[in-house]
Amino acid sequence: MGQAPEQEHPKNAFGWAAKDTSGVLSPFHFSRRATGEKDVTFKVTHCGICHSDLHMIKNEWGNTIYPIVPGHEIVGVVTEVGSKVSKFKVGDKVGVGCMVGSCHSCDSCAIDLENYCPKVIMTYANKYHDGTITYGGYSDIMVADEHFVVRIPEGTPLDATAPLLCAGITVYSPLRFYGLDKPGMHVGVVGLGGLGHVAVKFAKAMGVKVTVISTSPSKKSEAIERLGADSFLVSRDQDEMQAAMGTMDGIIDTVSAVHPLMPLIGLLKSQGKLVLVGAPEKPLELPAFSLLMGRKIVGGSMIGGMKETQEMIDFAAKHNIRADIEVIPADYVNTALERLAKADVRYRFVIDVANTMKSTP
Amino acid sequence: MVGYRFPETGADDVTIKILFCGICHSDLHCARNEWGVTNYPIVPGHEIVGTVTKVGNNVSKFKEGDKVGVGVLVASCQKCESCQQGLENYCPNMILTYNSIDRDGTKTYGGYSDLIVVDQHYVLRFPDNMPLDAGAPLLCAGITVYSPMKYYGMTEPGKHLGVAGLGGLGHVAVKIGKAFGLKVTVISTSPKKESEAISKLGADAFLVSSDPAKVKAAMGTMDYIIDTVSAVHSLAPLLGLLKVNGKLVTVGLPEKPLEVPIFALVGARRLVGGSNIGGMKETQEMLDFCAKHNIAADIELVRMDQINTAIERLAKSDVKYRFVIDVGNSKLQ
């Protein structure tokens, strides 16, 4: 182990961290590495709160290293660049998502799929190349290799763009990869939370007809009037589900709780595709018969590579797509996480880091 | 033995004297009502090969004496989107070769019999150089693996295909996979199948799926897997064998759902797909492809009066790798 977080690196940093499985966050002094020749250092202005942060602070996936500074939807303004950095300069608006490193030599890295690299380094609670543990964006500054930094185009709001760095790419990538982005197609979005609401916006921008599939009838008017969905299906309503069978080219399923897949497979047309982007912790049951009888597919997807993440940010800027957010001060973060656990947010909390995450003297 | 009358040869129909019929595992499931849909009495058999004895007035594709085949379908609606795309096998109103109700309201009877009358659209031309007996199983087993291999893009030479299960479907998948230029690994619970898989069928490797160390060593090495196993099994170990973007296609029909750990899909962008036989055009394409590459099934010929014994042995997987009924030489009266 060795050094205390404050002494590990030469730059002082301040953030909020969880120290144990209670997941309660509190102020935390630590440090960031010196700006290496390929590094970009930026002052963090905002950071989105992703559901993964909630799982990780409580060690629900069993791999958390404490103390943990979460946050992988990070945006800010560049303050320093290394000598070999070519893509960014001081003053640029930038973002960092879920990854800060990869091996650059495997088959996945070779085709811009750093997200599937077996040695991918996550933005927080992972071991970096220098052996130190990574700390995420609930903090005042970030240092990241330029390969893992994206440009936020001028004219796009930093706060509402931050969630795209995880939620956005997580739904954009499978819409493209599984070919659910053709005008005129009909795509279902299961779950209307951080991921789901952005999926509706991206799909609509791609010219796709969108049906939101949800257990909560109360979300219907928002889904249609505010988010632009074409229709809304209450998954617990047998009649509605029956009437919609065989009508969808694809479904993006953002729900991470355990849930039955068969009714969703039934909604697909022949050759339809069900794509899962949430990962329930127990295996799900797949009725082989319903896949066979329509040559249907169930596939998975996890964030996206760096090239595609930049493409997604540019697409969002062009189509004025931003997340619907609730901006909060740093000291509200624990309350926000409790509300998130109850899905009480429309649809992403974003921490106003620049104005409220300051080290108390 | 059941005696029954077939309809007269209609204008679009082809009457076929049956010479051979393969015994498919589906025949077993259906005969024993394991899927709960059997409407007794049934005459199974949907891997049928024979000679044309009569054709209707509108029939242009076939003439008396032609060697032909009939597979799993004998009719479909011809109007829906699937039929329009040559995917009669996904038509919601498709009519199966046996145990289905035909358009005239009568029941369809399959190939464990001496003759069959079928609309020309659903009759396949049997390639000249294909042996009739060993070619019969291709009409179900062959198309069942060929179709997903084409649809899911499992045809890039040099890529690595896993074939799970080495029975009627699996052994044909190995041969077709090799013809596509793929590296083929057989994945099986039975170590004693290994030497045949490699020396007789041409597989490149054999993985005993019940050996955890061997399975671990093979993780992340396959581009695709065709899963022919119809017993209930977890997909977790098979999914782990796939590379990133890998595809597992299931063609077996287990009667209970399969367990899938979702992170195995999400963490490596893998997919699980289904496939069910193939359309008529593709079935003909498959037969021609197999003829060109000298692919036929490995069979054990039985007479009609030996069917029950054959089916019992099939239930115990005691066959290398398909029984075929020598209908032509069996006494049926």
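Residues numbered from 1 in each chain as written. Chains lettered and ligands numbered in written order. Predicted model: local features only at pLDDT ≥ 70, side-chain atom pairs only at ≥ 80, totals over all residues. Heavy atoms only, no water.

If you check an unreviewed UniProt entry, chain B appears there as Cinnamyl alcohol dehydrogenase 9 from Citrus sinensis.

Identification of chain A as Cinnamyl alcohol dehydrogenase 8 from Citrus sinensis is taken from an unreviewed UniProt entry.

Student: Break down the state of the cysteines for me, citing the residues and quoting the values.
Tutor: Summed over the entire model, instances satisfying the criterion amount to zero disulfides over all chains. Sulfur of Cys106 of chain A: no disulfide; nearest cysteine sulfur belongs to Cys103 of chain A and is 3.7 Å away. (Disulfide = S-S within 2.5 Å.)

Student: Could you give an account of the packing of helix 4 (residues 141–151) of chain B against helix 10 (residues 280–292) of chain B, naming the residues involved and the relevant values?
Tutor: Residue and element names in this part refer to chain B. One way to put it is that helix 4 packs onto helix 10 with a least axis distance of 10 Å and a crossing angle of 100°. In terms of orientation, helix 4 and helix 10 fall into the roughly perpendicular class. For the pair helix 4 and helix 10, contact is made by Gly142, Ile143, Tyr146, Ser147 and Lys150 and by Glu282, Thr283, Glu285, Met286 and Phe289, respectively. A per-class count over the contact of helix 4 with helix 10 returns four nonpolar, three polar and three charged. (Axes fitted to C-alpha atoms, helices over the stretch in contact; angles between N-to-C directions. Helix = DSSP H or I, 4+ residues; strand = E, 2+ residues; numbered from the N terminus. Parallel < 35°, antiparallel > 145°, perpendicular 65-115°, else oblique. Contact = heavy atoms within 4.5 Å. Nonpolar A, V, L, I, M, F, W, Y, C, P; charged D, E, K, R; others polar.)

Student: Kindly report on the interface of chain B and chain A, identifying the contributing residues and their values.
Tutor: Taken together, the contact pairs 34 residues of chain B with 32 residues of chain A. Around 2900 Å² of area is buried between chain B and chain A when both sides are counted, 67% of it from carbon and sulfur atoms. It is Ile262, Val266 and Arg269 of chain B in chain B that bury the most area against chain A; as a group they hold 25% of the surface buried on that side. Scanning the region where chain B abuts chain A turns up six residue pairs in polar contact (both at pLDDT 80 or more). (Buried area = accessible area lost by both parts, 1.4 Å probe. Polar contact = N/O pair within 3.5 Å; in protein donor to acceptor, adjacent residues only side chain to side chain.)

Student: I'd like a description of the side chain of Arg269 of chain B, backed by residues and values.
Tutor: By secondary structure assignment, the location of Arg269 of chain B is in the loop between helix 9 (262–266) and strand 14 (271–274). Glu308 of chain A provides the closest opposite charge to the buried, salt-bridge-free Arg269 of chain B, at an N-O distance of 4.9 Å. Separated by 2.8 Å, the side chains of Arg269 of chain B and Asn245 of chain B make a polar contact. Residues in contact with Arg269 of chain B, not counting those within four places in the same chain, are Leu113, Tyr116, Ser173, Phe177, Tyr178, Gly300 and Ser301 of chain A together with Asn245 and Gly246 of chain B. (Buried < 20%, exposed > 50% of the residue type's maximum accessible area, 1.4 Å probe, protein only. Lys, Arg positive; Asp, Glu negative; His and termini not counted. Salt bridge = Lys/Arg side-chain N within 4 Å of Asp/Glu carboxyl O.)

Student: Provide a residue-level description of helix 10 of chain B, including the pertinent values.
Tutor: All names here are of chain B. Along its 13 residues, helix 10 runs 19 Å from first to last C-alpha, staying within 8% of the 18 Å computed at 1.5 Å per residue. Residues of helix 10 that are buried: Met280, Glu282, Thr283, Gln284, Met286, Leu287, Phe289, Cys290 and Ala291. Close packing links the buried residues of helix 10 with strand 4 (73–75), strand 7 (124–125), helix 4 and helix 5 (168–179). Where helix 10 terminates, the next one or two residues include Asn294, which has phi positive at roughly 55°. (Expected span 1.5 Å × (residues − 1).)

Student: Describe the nonpolar core, and please don't skip the residues or the numbers.
Tutor: If you look at the biggest cluster of nonpolar residues, it comprises 144 residues, and the most contacted ones within it are Phe202 of chain A together with Ile23, Tyr112, Leu161 and Ile176 of chain B. Broken down by element, the residue count for this core peaks at seven residues, all from strand 1 (residues 13–23) of chain B. Counting residues in hydrophobic clusters, the runner-up holds 46 residues, among them Cys47, Ile57, Val78 and Ile141 of chain A. (Core = buried A, V, L, I, M, F, W, Y, C linked by side-chain atoms within 4.5 Å.)

Student: Could you give an account of the packing of aromatic side chains, with specific residues and numbers?
Tutor: All names here are of chain A. Counted according to the given criterion, the structure contains 11 aromatic pairs over all chains. Judged by centre distance (5.1 Å) and plane angle (85°), the rings of Phe177 and Tyr178 are edge-to-face. Here Phe177 falls in the partly exposed class, since its relative accessible area comes to 38%. Through successive ring pairs, a cluster of aromatic residues spans Phe28, Phe30 and Tyr135. (Phe/Tyr/Trp six-rings, centres within 6.5 Å; stacked < 30°, edge-to-face > 60°.)

Student: Can you break down the pairing of strand 16 (residues 322–326) of chain B residue by residue, with the values?
Tutor: Residues and elements named next belong to chain B. Taking burial as the measure, the five residues of strand 16 include five buried ones, the bulk of the element. Side chains Arg322, Val324 and Asp326 project from strand 16 onto one buried face, and the interleaved Phe323 and Ile325 project onto a second face that is buried too. With four bridges connecting them, strand 1 and strand 16 associate as antiparallel partners. Considered in strand 16, the bridge of Ile23 is made with Phe323. Where strand 15 (residues 299–302) meets strand 16, four bridges bridge the pair, whose relative direction is parallel. Within strand 16, the position partnered with Val302 by the bridge is Ile325. Between the parallel elements strand 15 and strand 16, the chain passes through helix 11 (residues 307–315) in a crossover that is right-handed. (Pairing = 2+ DSSP bridges. Right-handed = clockwise from strand over helix to strand, strands pointing away.)

Student: An account of the sheet that holds strand 14 of chain B is requested, with residue identities and associated values reported.
Tutor: By way of backbone hydrogen bonds, the strands of a sheet pair with one another, either parallel or antiparallel. The strand order 12(A)-11(A)-10(A)-13(A)-14(A)-16(A)-14(B)-12(B)-11(B)-8(B)-9(B)-10(B) describes an open sheet built from 12 strands, whose pairing is mixed. Either end of the sheet is taken by a strand with one partner, and the two such strands are strand 12 (231–234) of chain A together with strand 10 (205–208) of chain B. Across the sheet, the mean angle from the axis of one strand to that of its neighbour is 20°, orientation sign disregarded. Here strand 8 (residues 160–164) of chain B runs beside strand 9 (residues 183–188) of chain B; their pairing, made up of five bridges, is parallel. When the bridges of strand 9 of chain B are listed, Ala164 of chain B appears paired with Ile187 of chain B.

Student: Describe the packing of helix 4 of chain B against helix 5 of chain B, listing the residues and the values that go with them.
Tutor: All names here are of chain B. Direction vectors running N to C along helix 4 and helix 5 enclose 50°, while the axes themselves pass 8 Å from each other. Considering the angle they form, helix 4 stands oblique to helix 5. The handedness of the crossing between helix 4 and helix 5 comes out as right-handed. Facing helix 4, whose interface residues are Ala141, Gly142, Thr144, Val145, Tyr146 and Met149, helix 5 presents Gly168, Leu169, Val172, Ala173, Ile176 and Gly177. Counted by class, the contact of helix 4 with helix 5 contains eight nonpolar, four polar and no charged residues. (Left-handed = near helix turned anticlockwise from the far one by under 90°.)

Student: Can you tell me about the pattern of salt bridges, naming the residues and giving the values?
Tutor: Under the defined criterion, the tally for this structure stands at 29 salt bridges over all chains. Notably, a salt bridge pairs Arg125 of chain B with Asp288 of chain B, separated by 3.8 Å at the nearest N-O pair. Here Arg125 of chain B, found in strand 7, pairs with Asp288 of chain B, found in helix 10; they are 163 residues apart in sequence, far enough to count as distant. A relative accessible area of 41% places Arg125 of chain B in the partly exposed class. In this structure, the salt-bridge partner of Asp318 of chain B is Arg313 of chain B, at a minimum N-O distance of 2.9 Å. Each of the salt bridges in this network shares a partner with another, and the network as a whole consists of Lys201, Glu222, Arg226, Asp324 and Arg346 of chain A.

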